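Coordinate analysis (summary)
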Amino acid sequence: MRTGSVRIIFYSAFMAHEPIIETEGLSKVFTVKKAQVAAVSDLTFTAARGELVAFLGPNGAGKSTSLRMLTTLILPTSGTASVVGHDIRRDPAEVRARIGYVGQLTSGSFAQRVRDELLSQGKFYGMGKRDSIRRADELIESLDLGSFAGRAVQQLSGGQKRRLDVALGLMHAPPLLFLDEPSTGLDPQSRANLWDHILELRRQHGTTVFLTTHYLEEADRYAERVMIMDKGRIIADDNAAALKSNLAGDVLTFGFTDLEQASRARPILNSLAQTEISDANTSLSLTAPNGDRLLPVIVRELDAAGITVHSATGVPPTLDDVFLALTGRTLREAGEGAGTDAETDADTEATASVAAEKTGVL
Ligand SMILES: Nc1ncnc2c1ncn2[C@@H]1O[C@H](COP(=O)(O)OP(=O)(O)OP(=O)(O)O)[C@@H](O)[C@H]1O
Ligand SMILES: [Mg+2]
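As a convention, each chain's residues are numbered from 1 in the sequence order in which they are written. All chains are assigned letters beginning at A, and all ligands numbers beginning at 1, according to the order in which they are written. The predicted origin of the model limits local features to residues at a pLDDT of at least 70 and limits the giving and counting of side-chain atom pairs to 80 or more, whereas totals for whole chains, interfaces and linings rest on all residues.

Turning next to the packing of helix α9 (residues 240–248) against helix α12 (residues 319–327). Angles shown run from 0 to 180 degrees and are taken between the N-to-C directions of axes, each axis being a line fitted to C-alpha atoms and, for helices, limited to the stretch in contact. Secondary structure is summarised from DSSP: a helix means a run of H or I of at least four residues, a strand means a run of E of at least two, and numbering begins at the N terminus for each. In contact at an axis separation of 9 Å, α9 and α12 are set at 45° when each is read in the N-to-C sense. Regarding the angle of α9 to α12, the classification is oblique. In the crossing of α9 with α12, the sense of the turn from one axis to the other is left-handed. Along the contact surface, α9 presents A240, L243, K244, L247 and A248, while α12 presents L319, D321, V322, A325 and L326. Each angle receives one of four descriptions, namely roughly parallel if under 35 degrees, roughly antiparallel if over 145, roughly perpendicular if within 65 to 115, and oblique otherwise. The handedness criterion is simple: a crossing whose near helix is rotated anticlockwise from the far helix by less than a right angle is left-handed, and one whose near helix is rotated clockwise is right-handed. A residue pair is marked as a contact if its C-beta atoms, positioned from the backbone, fall within 7 Å.

Written as C-alpha cells, this is what we have:
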C-alpha cells in the first residue's frame, strides 16, 4: 500500500517534468519574391507532459509557422525539435501518429455528413469502430454538434465548422494537442464548451495542450504557461500571474479636488511607489506590482498629510499590458500591417499536405 502510493507520487512527479516538446534553435525563413521573411527565429523551449501552454503574439508573429514546424507540416530552415519523443525531421510519421492538430484554417467544404466525418477520422487514426462511435458521440455532445450532426459539412456556418474542426482534432485523444486559434469565430457559449472539453481532456487523459489564441483572457484564465512571440522570437515565457506582476503591475489612479492638492500628493506617491508618475488634470497615476496592497497605504499617507483624495482606483494588468511593457506596442497595434496574407513559398511546403491541414487532420 505504502510502496504503491510512493510509486504514484514518484510517477506523477516524473510525468510532470517529462518533456514532450523540446526545440533547439528552430527557425523558419520563407522566400517571397526573392525577399527573405524570417517568420520564426531561434525558437528554443521545452514543454512538459501535461502542460497547457498558450502561445500569444500579434498577427504575423510566427505562431502558426512554429506550430506547422512542430506538427511536421513544414520543414524548419534550421534547428531541431523532438515532439513526443520523435525528431520532426527524421520521424515525421511517428510524430504525426502521436499528436492532434487543428489548423488555423477552417475545414473546406465536404459533402460528407458531420458524424461520418468524425467516424472517418477515427478510422484514419486506426481506432476500432465501437471506439470511434463512442468518441464521436461524446464529442458531438460536448461540442454541441448534435443539431447538425446529420448535415453535410459544406452546409455548416463558420462557427459550426470550427467546432467540427476541433472535434476532428480531438477524435483520437492524442497525448499532445496543437490547436491554432481553436476559439476564433466561436460564439461565447461554444467557446465555453470548447474550454470545458479541453480541461476535461487534461483531467481524464493528462493531455498536453499547446494552443494559440488572440483571446488574452482565455490564456490568462486557463493556461498555466504563457509564451509570447513577437517578430518570430519568444519575448516572454512564464505563468500569466508572474508575467503580469513582474512586467506590468497594477495601474493606480488617484483623483484630487484641485491641482494644488495633486502637486502636494506627487512627492508622497513618489516616495511610496518609487516609480514614474503620470498626471492628467487633477489626477495622478502610477504602475506598481502588488498595487492592491499599495493602494490603501497611499490613501492613508495622503490622508495623514491632509490631502483630500477624491477617488482611488486600481486596475489589474492584462497580458496586453505585459506585451506593451515588453515592446512599447499593444498587441493590436503590433499586428497592424503584419498580416498573414503572404504568398506561399511553394518550395518550403514540400512536406506538407495542405489538404490534410485544411481538414485539421494530419
Ligand atoms: N507559406 C508562407 N510563405 C511566405 N510567408 C509566410 C508563409 N506563412 C507565413 N508567412 C509569413 O511568416 C510570418 C509569420 O506568419 P504566421 O502565420 O506564423 O503568423 P501568426 O503569428 O500565426 O499570425 P496570426 O495571428 O495572424 O495567425 C508572417 O510575416 C507571414 O506573412
Ligand atoms: Mg496564425
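With that out of the way, let us pick up the sheet that holds strand β11 (residues 250–256). A sheet is described by the order of its strands in space; here four strands give the open sequence β12-β13-β11-β14, paired in antiparallel fashion. Because the sheet does not close on itself, it has two edges, and the strands there are β12 (277–280) and β14 (309–315). Strand-to-strand twist of the sheet, defined as the mean angle between neighbouring strand axes without regard to direction, takes the value 20°. Criterion used throughout: strands pair if DSSP finds at least two bridges between them. Pairing of β11 with strand β13 (residues 283–288) involves six bridges; the strand directions are antiparallel. For L252, the partnering residue across the bridge sits in β13 and is L286. Across the sheet, helix α10 (residues 259–273) touches β11, β12 and β13, and the angle it forms with β13 is around 10°. Across the sheet, helix α11 (residues 291–304) touches β11, β13 and β14, and the angle it forms with β14 is around 170°.

Our focus in this paragraph is the nonpolar core. Working definition: the nonpolar core is a set of buried Ala, Val, Leu, Ile, Met, Phe, Trp, Tyr and Cys residues, joined through C-beta atoms within 7 Å. Each residue is classed by its C-beta neighbour count within 10 Å, where at least 20 other C-beta atoms makes it buried, 12 or fewer makes it exposed, and intermediate counts make it partly exposed; the C-beta atoms are placed from backbone geometry. Ranked by internal contacts, the top residues of the largest apolar core, which has 68 residues, are A167 and V226. The greatest single-element share of this core, amounting to five residues, is contributed by helix α6 (residues 158–170). In contact with V226, other than residues within four places in its own chain, are A54, L56, A219, D238, N239, A240, L243 and L319. In terms of nonpolar packing, the next biggest core, distinct from the first, is built from 12 residues, F254, F256, A262 and L284 among them.

So, about α6. Here, expected helix span is obtained from the residue count minus one, scaled by 1.5 Å. With 13 residues, α6 should reach 18 Å at 1.5 Å per residue; the first-to-last C-alpha distance of 19 Å fits that figure. Across the 13 residues of α6, 11 count as buried, placing the element largely inside the fold. Among all positions of α6, only Q160, K161, R162, R163, L164, D165, V166, A167, L168, G169 and L170 are buried. Contact partners of the buried residues in α6: β6 (99–102), α4 (114–124), α5 (129–142), β7 (176–180) and α7 (188–205).

Turning next to the sheet that holds strand β3 (residues 52–56). Ordered by their spatial adjacency, six strands build an open sheet running β6-β7-β8-β3-β9-β10, and the pairing between neighbours is mixed. Each end of this open sheet is capped by a strand with a single partner; those strands are β6 and β10 (233–238). Here the average twist between neighbouring strands, direction ignored, is 15°. One ladder, built from four bridges, connects β3 with strand β9 (residues 225–230); its direction is parallel. Of the residues in β9, the one forming a bridge with A54 is V226. The strands touched by α9 within the sheet are β9 and β10, with β10 carrying the most contacts at an inclination of about 105°.

The interhelical angle for the contact between α4 and α5, taken along N-to-C directions, is 135°, at an axis separation of 9 Å. On the basis of the axis angle, α4 is oblique to α5. Judged by the twist between their axes, the crossing of α4 over α5 is right-handed. For the pair α4 and α5, the contacting residues are R115, L118, L119, G122 and K123 in the first and D131, S132, I133, R135, A136, L139 and I140 in the second.

Attention now moves to the environment of R98. In this structure, R98 sits in the loop between α3 (92–97) and β6. A tally of 18 C-beta atoms within 10 Å means that R98 is categorised as partly exposed. Counting along the chain gives 27 residues from R98 to Y125, while the straight-line C-alpha distance between them is 9.7 Å. In this structure R98 touches V84, P174, P175 and L176, once residues within four positions along its chain are discounted.

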